[in-house]
Amino acid sequence: PRGVLYGVMEDIEFSFAESKTHQNFLFKLRRLQIDNQLVNAAYPIFFYPVLPAGSEDEGFFLFNAIKNVSMKSINYFEHFFVSIGEMDIKADEEVVDNLMGFIWAVRDFTDSLNIVPEGDSKVPLYFSASTETMLQMKMFFFDRLIINPIRIHISTHSGTGSAKISQRLPMRGKLLGNIEDAVIDCKGLTLNHPFVSKEELITQI
């Protein structure tokens, strides 16, 4: 085994308060940096936040939610707020190649857990809840949901990816091209009094 990425997080704040009727979640992260550990990497830093002047106190990531637990049949949030600061991602093909190899190895392992040998009548590894229970688990109601806009700067460097990884891609060949500081702006989202399932919420986000 070898190191691919090395991450550093600073000034982490987490709090959780609970009463008979409410749960309050707060998570703040001022700084996150991920360094490239491959010797021949074109970019020594894989990920770092771009903090505008005067925004150091706000930090890079903020999540705050207040959940009303008195309503048992749905997930009711009186307040839900997410803010992610501007970020810079610089990806080398070798790094992405290693990450994809790791992800696929994990996925292949988990898939193997679901395989039941032919003629084996053992109980499955995973159990399914009833349809009614699943529907109740998936329904969410928010007084207000706010996700701030996100800006991402992306740079990529073409290298030599493994043949094993390239064969699993939709288009075989290079994993990455050479891109310098492409900007992706993700719009924010504000929803007032939405009553949605988990799938509908993810789709709107």
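The present account deals with the structure reproduced in this document. Given the structure is predicted, the values throughout are model-derived calculations rather than measurements. (Residues numbered from 1 in each chain as written. Predicted model: local features only at pLDDT ≥ 70, side-chain atom pairs only at ≥ 80, totals over all residues. Heavy atoms only, no water.)

### Describing the overall build of the chain
Inference 1: Helices and strands together make up the secondary structure of the chain, namely four helices and twelve strands.
Inference 2: Here the chain holds 205 residues, and 31% of them are scored as buried.
Inference 3: Counted over contacts in the chain with a minimum sequence separation of 6, partners at least 24 positions apart contribute 71%.
Inference 4: Of the roughly 13,700 Å² of accessible surface on the chain, a fraction of 59% belongs to carbon and sulfur atoms. (Helix = DSSP H or I, 4+ residues; strand = E, 2+ residues; numbered from the N terminus. Buried < 20%, exposed > 50% of the residue type's maximum accessible area, 1.4 Å probe, protein only. Contact = heavy atoms within 4.5 Å. Areas by Shrake-Rupley, 256 points an atom, 1.4 Å probe, with all protein chains shown as cover.)

### Comments concerning the pattern of salt bridges
Inference 1: Scanning all chains against the criterion turns up five salt bridges.
Inference 2: For the salt bridge of E10 with R30, the shortest nitrogen-to-oxygen distance reads 3.5 Å. Here E10, found in strand β1 (residues 5-18), pairs with R30, found in strand β2 (residues 22-36); they are 20 residues apart in sequence, far enough to count as distant.
Inference 3: A relative accessible area of 26% places R30 in the partly exposed class.
Inference 4: Put simply, E10, D11, R30 and R31 are held in one network by salt bridges that share partners. (Salt bridge = Lys/Arg side-chain N within 4 Å of Asp/Glu carboxyl O.)

### Things to note about the packing of aromatic side chains
Inference 1: Considering all chains together, one arrives at ten aromatic pairs under this definition.
Inference 2: A ring pair is formed by F77 and F80, whose centres lie 5.6 Å apart and whose planes are at 85°; its orientation type is edge-to-face. Taken as a pair, F77 and F80 share a single burial class, namely buried.
Inference 3: For the ring pair F77 and F142, a centre distance of 5.4 Å and an interplane angle of 15° mean the geometry is stacked. Of this pair, F77 sits in strand β5 (residues 75-84) while F142 sits in strand β7 (residues 140-142), and the two are 65 residues apart along the sequence. An identical accessibility class is assigned to F77 and F142; each is buried.
Inference 4: Members of the aromatic cluster, each reached through a chain of ring pairs, are F63, F77, F80, F140 and F142. (Phe/Tyr/Trp six-rings, centres within 6.5 Å; stacked < 30°, edge-to-face > 60°.)

### A word on the side chain of N68
Inference 1: Inspection of the secondary structure assignment puts N68 in strand β4 (residues 61-68).
Inference 2: Reaching out from N68, the side chain makes a polar contact with the side chain of S70 at a distance of 2.4 Å.
Inference 3: Here N68 is in contact with T21, H22, Y76 and E78, once residues within four sequence places are set aside. (Polar contact = N/O pair within 3.5 Å; in protein donor to acceptor, adjacent residues only side chain to side chain.)

### Concerning unusual backbone geometry
Inference 1: For D11, which is not glycine, the phi torsion reads 55° and is therefore positive.
Inference 2: Relative to the assigned elements, D11 resides in strand β1.
Inference 3: One non-glycine residue, D181, lies in positive phi territory at about 55°.
Inference 4: Relative to the helices and strands, D181 resides in strand β10 (residues 179-186).
Inference 5: D181 gets classed as partly exposed once you look at its relative accessible area, which sits at 40%.

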